[in-house]
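# Summary of the model geometry
Take a look at the letters that make up each chain.
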Amino acid sequence: MAAIKLYIPDDTTAVAMGADDVCQAISNVAKQKDIEIEVVRNGSRGLFYLEPLVEVATSQGRVAYGPVTVDDIESLFAADFIHAGKHPLAHGLTEEIPFLKNQQRLTFARVGITEPLSLSDYQQHDGFKGLQKALTHCSQELVDIVKESGLRGRGGAAFPAGIKWQTVLDARGSEKYIVCNADEGDSGTFSDRMIMEADPYVLIEGMVIAGLAVGAEQGYIYLRSEYPKAAEKLTAAITLAEQAGFLGNNIGGSNNSFTLELRIGAGAYICGEETALLESLEGKRGMVRAKPPLPAIEGLFGQPTIVNNVITLATIPIILAKGGQYYQDFGMGRSRGTLPMQLAGNIKQGGLVELAFGCTLEQLVFEFGQGTYSAKPAKAIQVGGPLGAYLPKQQWQTPLDYESFTAISAVLGHGGVVVFDETADMAAQARFAMEFCKVESCGKCTPCRIGSTRGIEVIDKITNGQDSDANLQLLADLCDTMVVGSLCAMGGMTPFPVQSIMQYFGEELLPKDSLAKEVL
Amino acid sequence: MTEFNQQAKQHVADIIEQKRQLPGALLPVLHDIQNTLGFIPPQAIALIASALNQTEAEIHGVISFYHHFKTRPVGAHVIEVCRAEACQAMGSRELEQHVKNTLNLDYHQNTKDQQFSLEPVYCLGNCACAPSIRVADKVYGRMNAEKFAQLLDKLTTYVVELN
């Protein structure tokens, strides 16, 4: 009898919840019981509320059990889970779990399904089809397909990828570069991490195609140091892809070359800003550059450079494989395709939800996420990372679309959704926004460097009830100054969470006892 | 490891030799030194500067810019507590205080026995199972006082009986 195939994710969150121990324990018991099993360490399906999620391969498909702890192993074997037996932790077919079934997974099509480093698995699941197609097109045709898809930068800025690529294609330089921004520093986000840990070849494929499209032969992935598992997977994947001829010279048997190198950041949030990232890659302090010149014209080492986020580049292969029109048929308004949203913070069912643009925040948090983890009413939802607004209930009907969010002074950013319940201290959150800016500012622009410190002081005065009206006005002015007087989004958007708290949770900034006094 | 002995010097020289030809070699060099020695000894700065044809001030400037680089020895176990929003939404402020009290440390400090260092971190990408802490290359999710005590027990070299 063939060995029974089990899937236990080797993903940071799965492991953080005990997947390694569960894997070891299952293997031990199987050995004792003389049951032949084969364990595949896949990526996570993104149903993090069920991690560690153990899947058993059956003729009907994979059957899910989770969240499994070491203490459950005995009862799982007793329930004959390896033959899909009934158990309180059983969820039936993984693909039928509503959280997963109701998604539209394009970029994440393989995530959690394949073995991350297996090239044959990758190819059996449509891997390198985009690259094959790309090799039959000239550069301009490739750029045109990306333009047609309507893909916009998924790092947060949402700049049309095709236009950036066109600029690099048209720019002259002795060398051109493809730089992948894998400095995923926004709290509440993990989609880049998941791609790199679960499906690293899709990123490599996307970067090779980008190289073909603009005539670049060197690529860099700038990965944050907080992601050691992603570093391990990417390092191995780059080597294996080189050996198989998907990187290096004569890619896929063509005359094209592309070399890829992984570089590790060093704990600076600002290096997620593209020009600071380039400075860091060049071996310097991660200080933001003034634009122009655009990196597309004078980027890494002064040469034309594409800087794209992981998700942007990882979406390129499916666009090439299925066509620009296929991708652009998803979405709403000027937001085309899908956005991998990440449900985080105080959420009952946290994880990765890839959907076409257009679903509302409320659907996402309450249908997929099932509300708060604490079971207390949700109070605020911060969308788009530490520079995103805290949205009160009346704004949860906003559709997930770049323009709709801009219209309410909010951002979708990189798709992070952090839920807070009624116990959240919004004054503390406002203070933290300024504190984070103080810690992470590169120091180039005065409003960001000094304004963040002044912001903490002013918020402290307000919460201490010291001349609150005047200080609230001062805080409003300070926010305006930071927004208009900073070169990049760090200083320019740090006020967004603060302003949203002033607008929607303003009474929480004042001390509780003084509130009564001021009303009198 | 606090002294910059001959062996440490040799490590630094080897690393520089290995990486100096890379475009933008400085961060890879600094990472390798820290990964090998645990921190970047101040004496390494002159060696790096001379090899990369930069000033010592420039090298120092880069080291001091990045939170990840340490210029003095850290404890055997570096405990990083996530301070970012998703963890805050799940009670990381209380966890942070608990960790500080338990270890009797503030951020950027080492215990006297050099067993533990405490560092803040802003997001570990484990935001759906917050709050999170990281020790070495491992992240721990849904952290709380009880789990933290178990983790400390595991990390300390002596065996502690659990009931």
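Structure: above.
Residues numbered from 1 in each chain as written. Chains lettered and ligands numbered in written order. Predicted model: local features only at pLDDT ≥ 70, side-chain atom pairs only at ≥ 80, totals over all residues. Heavy atoms only, no water.

## Comments concerning the sheet that holds strand 6 (residues 177–182) of chain A
Residues and elements named next belong to chain A. Strand order in this open sheet of four strands is 8-7-6-9, and the pairing throughout is parallel. Only two strands of the sheet have a single neighbouring strand rather than two, namely strand 8 (259–264) and strand 9 (305–309). Taken over all neighbouring pairs, the strand axes of this sheet differ in orientation by 20° on average, direction set aside. As paired strands, strand 7 (residues 218–223) and strand 8 are joined by six bridges and run parallel to one another. Across the sheet, glutamine 218 pairs through a bridge with threonine 259, a residue of strand 8. (Pairing = 2+ DSSP bridges. Helix = DSSP H or I, 4+ residues; strand = E, 2+ residues; numbered from the N terminus. Axes fitted to C-alpha atoms, helices over the stretch in contact; angles between N-to-C directions.)

## A closer look at the nonpolar core
One finds Trp165 and Ile270 of chain A together with Ile48 and Tyr66 of chain B to be the most contacted residues of the largest nonpolar core, which totals 158 residues. Counting residues per element, this core draws most heavily on helix 10 (residues 200–214) of chain A, at 11 residues. One finds Met341, Phe368, Ala389 and Leu391 of chain A within the second-largest nonpolar core, a separate group that totals 33 residues. (Core = buried A, V, L, I, M, F, W, Y, C linked by side-chain atoms within 4.5 Å. Buried < 20%, exposed > 50% of the residue type's maximum accessible area, 1.4 Å probe, protein only.)

## Quick word on the environment of aspartate 113 of chain B
All names here are of chain B. By the secondary structure assignment, aspartate 113 is in the loop between strand 2 (109–110) and strand 3 (116–121). In sequence terms aspartate 113 and glycine 75 are 38 residues apart; their C-alpha atoms lie 8.1 Å from each other. A distance of 2.7 Å separates polar atoms of two side chains, one belonging to aspartate 113 and the other to threonine 111. For aspartate 113, the side chain forms a polar contact with the main-chain nitrogen of glutamine 115, separated by 3.0 Å. (Polar contact = N/O pair within 3.5 Å; in protein donor to acceptor, adjacent residues only side chain to side chain.)

## Overview of the interface of chain B and chain A
Facing 39 residues of chain B, the contacting portion of chain A comprises 60 residues. Together chain B and chain A conceal approximately 3,800 Å² of surface at their shared face, both sides included; 58% is due to carbon and sulfur atoms. For chain B, the biggest contributors to the area lost against chain A are Phe65, Glu85 and Tyr122 of chain B; these three give 18% of the whole. In this structure, the connection of chain B to chain A is made through one salt bridge. Here glutamate 435 of chain A makes a salt bridge to arginine 83 of chain B, at a shortest N to O gap of 3.0 Å. (Contact = heavy atoms within 4.5 Å. Buried area = accessible area lost by both parts, 1.4 Å probe. Salt bridge = Lys/Arg side-chain N within 4 Å of Asp/Glu carboxyl O.)

## What about unusual backbone geometry?
Residue and element names in this part refer to chain A. In this structure, proline 292 follows lysine 291 across a cis peptide bond, with omega equal to 0°. Mapped onto the elements, proline 292 comes out in the loop between helix 12 (274–281) and strand 9. At the junction of proline 292 and proline 293, the peptide bond is cis and its omega measures out at 5° in the coordinates. By the element assignment, proline 293 lies in the loop between helix 12 and strand 9. With phi around 50°, asparagine 250 is a residue other than glycine that occupies positive phi space. Within the secondary structure, asparagine 250 sits in the loop between helix 11 (228–243) and strand 8.

## Structural notes on the layout of surface pockets
All names here are of chain A. Within this model, the second largest pocket holds a volume of roughly 1,300 Å³. Gly155, Gly156, Ala157, Gly272 and Ala489 are the residues nearest the centre of the second largest pocket, which is lined by 50 residues in total. When residues in the lining of the second largest pocket are grouped by element, the largest group, four residues, is from helix 21 (residues 489–493). In the lining of the second largest pocket, the residues fall into 22 nonpolar, 18 polar and 10 charged. (1 Å grid on protein atoms, 1.4 Å probe; cavity = no way out; pocket = protein on both sides within 12 Å on 5 of 7 lines; lining within 4 Å. Points joined across faces, edges and corners; volume = space filled by probe spheres on them. Nonpolar A, V, L, I, M, F, W, Y, C, P; charged D, E, K, R; others polar.)

## Thoughts on helix 6 (residues 92–103) of chain B
All names here are of chain B. The terminal C-alpha atoms of helix 6, which comprises 12 residues, lie 16 Å apart, in line with the 16 Å expected from a rise of 1.5 Å per residue. Contacts made by the buried residues of helix 6 are with strand 1 (77–82), helix 5 (85–88), strand 3, strand 4 (133–135) and helix 7 (145–155). In the segment just after helix 6, asparagine 104 is the residue with positive phi, at about 55°. (Expected span 1.5 Å × (residues − 1).)

## A few points about empty space enclosed by the protein
Empty pockets left among the atoms are what a rolling probe the size of a water molecule brings to light. All names here are of chain A. Under the defined criterion, the tally for this structure stands at three cavities of 30 Å³ or more. In this structure, the largest cavity spans a volume of roughly 50 Å³. Lining the largest cavity are 13 residues, and of these Ser441, Cys442, Cys445, Cys448 and Cys488 lie nearest its centre. Residues belonging to the lining of the largest cavity are distributed by class as follows: eight nonpolar, four polar and one charged.

## Quick look at the pairing of strand 14 (residues 378–383) of chain A
All names here are of chain A. Among the six residues that make up strand 14, five are buried, leaving the element largely enclosed by the rest of the structure. Sheet topology places strand 14 next to strand 16 (residues 416–421); five bridges connect them, and they run antiparallel. Across the sheet, residue isoleucine 381 finds its bridge partner in strand 16, namely valine 419. Bridge count for strand 14 against strand 15 (residues 390–391) is two bridges, and the pairing is antiparallel. Bridged to isoleucine 381 within strand 15 is leucine 391.

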